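Take a look at the letters that make up each chain.
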Amino acid sequence: MHIRLATQADYEGLLALDSVVPQEPERAGQIQVWIQQSHCHVVERAGALLGYGVLNYQFFGHGFVEMLMVGESGRGQGAGSALLHYFRQICRTDKLFSSTNQSNRIMQGLFLKQGFQRSGIIENLDEGDPELVYVSLSNARLARESACRSKP
């Protein structure tokens with residue numbers, strides 16, 4: 001698997017794999033903004049897009065994974081894990097946050113598998129389905145270890 005910054009050339013492919021776009025057409029515009037702001041990263045295998053993730057620093061100055069989407073054909077292949085691991089490595093802050101709905105058990109499991117821990121809950125975003133906030137506190141350590149391994 002290969003992860004890289006998304007480009008405008010990826011836009012149509014991202015629309016095709018995003019399961020929310022058909023129900024919420026405004027997502028297409030948001031994807032466009034994420035690409036333009038250089039916040040969107042894609043994961044691909046053999047040139048085929050499997051998914052994408054969005055990393056920004058608008059959550060109280062900390063890294064925040066705003067979106068993680070793996071297309072149906074890419075699920076179960078480790079694409080989500082690869083993106084989260086990648087974001088933990090490139091995050092410029094010691095803390096990396098993200099969130100998911102309480103109903104999204106798969107994402108909760110992915111966070112725990114990747115070393116995130118529960119950090120809080122936000123009510124009233126989606127009625128009857130609270131948002132669970134997760135944090136990874138080991139980003140600085142990961143960055144240091146990666147830098148040490150790359151030194152001759």
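Presented here is a report on the structure given in the accompanying data block.

Rules used throughout
- Residues numbered from 1 in each chain as written.
- Predicted model: local features only at pLDDT ≥ 70, side-chain atom pairs only at ≥ 80, totals over all residues.
- Heavy atoms only, no water.
- Helix = DSSP H or I, 4+ residues; strand = E, 2+ residues; numbered from the N terminus.
- Rg over C-alpha atoms; globule rule 2.2 N^0.38 Å.
- Buried < 20%, exposed > 50% of the residue type's maximum accessible area, 1.4 Å probe, protein only.
- Pairing = 2+ DSSP bridges.
- Right-handed = clockwise from strand over helix to strand, strands pointing away.
- Phe/Tyr/Trp six-rings, centres within 6.5 Å; stacked < 30°, edge-to-face > 60°.
- Lys NZ or Arg CZ within 6 Å of the ring centre and 35° of its normal.
- 1 Å grid on protein atoms, 1.4 Å probe; cavity = no way out; pocket = protein on both sides within 12 Å on 5 of 7 lines; lining within 4 Å.
- Points joined across faces, edges and corners; volume = space filled by probe spheres on them.
- Nonpolar A, V, L, I, M, F, W, Y, C, P; charged D, E, K, R; others polar.
- Core = buried A, V, L, I, M, F, W, Y, C linked by side-chain atoms within 4.5 Å.

As for the overall build of the protein chain
Of regular secondary structure, the protein chain possesses five helices and seven strands. Reading the helices (α) and strands (β) of the protein chain from amino to carboxyl end gives β-α-α-β-β-β-α-β-α-β-β-α. In terms of overall dimensions, the protein chain is globule-like: its C-alpha atoms have a radius of gyration of 15 Å, near the 15 Å expected for 152 residues. Counting all 152 residues of the protein chain, 46% fall into the buried class.

Here we look at the pairing of strand β5 (residues 96–101)
Of all six residues in β5, five are buried, a share of seventy percent or more. One ladder, built from three bridges, connects strand β4 (residues 62–70) with β5; its direction is parallel. If you follow V65 over to β5, its bridge partner there is S98. Handedness of the crossover joining β4 and β5 through helix α3 (residues 79–90) is recorded here as right-handed. Bridge count between β5 and strand β7 (residues 131–136): six bridges; the pairing is antiparallel. Its bridge partner being in β7, L96 is matched across the sheet by S136.

Brief notes about the packing of aromatic side chains
A full pass over the atoms with the stated rule returns seven aromatic pairs. For the pair Y86 and F87, a centre-to-centre distance of 6.0 Å together with 50° between the ring planes defines the contact as tilted. With a relative accessible area of 21%, Y86 lands in the partly exposed category. Through successive ring pairs, a cluster of aromatic residues spans F59, F60, F64 and F97. Lying across the ring of Y57, R92 places its NZ or CZ 3.8 Å from the centre.

Quick word on unusual backbone geometry
Here A46, not a glycine, exhibits a phi torsion of approximately 50°, which is positive. Phi is positive for F60, which is not a glycine, with a value near 55°. Its place among the elements puts F60 in the loop between β3 (48–59) and β4.

So, the layout of surface pockets
By volume, the largest pocket is sized at about 1,100 Å³. What lines the largest pocket is a set of 36 residues, among which M67, L68, M69, N104 and M107 lie closest to the centre. Elements supplying a minimum of two residues to the lining of the largest pocket: α2 (26–36), β4, α3, β5 and α4 (105–113). In terms of residue count, the dominant contributor to the lining of the largest pocket is β4 (seven residues). Grouping the constituent residues of the lining of the largest pocket by class yields 14 nonpolar, 13 polar and nine charged.

Some points on the nonpolar core
Judged by nonpolar contacts, the single largest core of 19 residues is most densely connected at V65, L68, L84 and L96. When residues of this core are traced back to their parent elements, those giving at least two are β3, β4, α3, α4 and β7. When residues of this core are assigned to their parent elements, the largest contribution, four residues, is made by α3. With 17 residues, the next largest nonpolar core counts L17, I31, W34 and I35 among its residues.

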